[in-house]
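Understanding the architecture of this molecule
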Amino acid sequence: MDCPKCGTWNPDDKQVCWRCQTEMPKPVEKKPRKPTIFLGLPVWAWAMLVVLMVVWIAAQCVGPSLIGR
Ligand SMILES: [Zn+2]
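Conventions and cut-offs
Residues numbered from 1 in each chain as written. Predicted model: local features only at pLDDT ≥ 70, side-chain atom pairs only at ≥ 80, totals over all residues. Helix = DSSP H or I, 4+ residues; strand = E, 2+ residues; numbered from the N terminus. Contact = placed C-beta atoms within 7 Å. Buried ≥ 20, exposed ≤ 12 C-beta atoms within 10 Å, placed from the backbone.

1. Details of the overall build of the protein chain
Of regular secondary structure, the protein chain possesses one helix and two strands. Reading the helices (α) and strands (β) of the protein chain from amino to carboxyl end gives β-β-α. Within the protein chain, counting contacts between residues at least 6 apart in sequence, those at least 24 apart form 3% of the total.

2. Points about unusual backbone geometry
Here Gln21, not a glycine, exhibits a phi torsion of approximately 60°, which is positive. Looking at where Gln21 falls in the secondary structure, it is placed in the segment before β1 (37-38). Assessed through the 10 C-beta atoms surrounding it within 10 Å, Gln21 is described here as exposed.

Put into structure tokens, the structure is as follows:
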């Protein structure tokens, strides 16, 4: 980010400007993205389960008729 006083670019992790020693404003903290938890499992895990279930059910319905011949 740029120093508010002298406009010099500083790495984001710097707390003071390397040029004028001005204290850098703290960067806006980005909230770490937490997965949405639903009934103890993240939603993507439920999506995986649903996909697996659909595949399993499809395999139950279609599989035997294909393999049974
Ligand atoms: Zn500066």
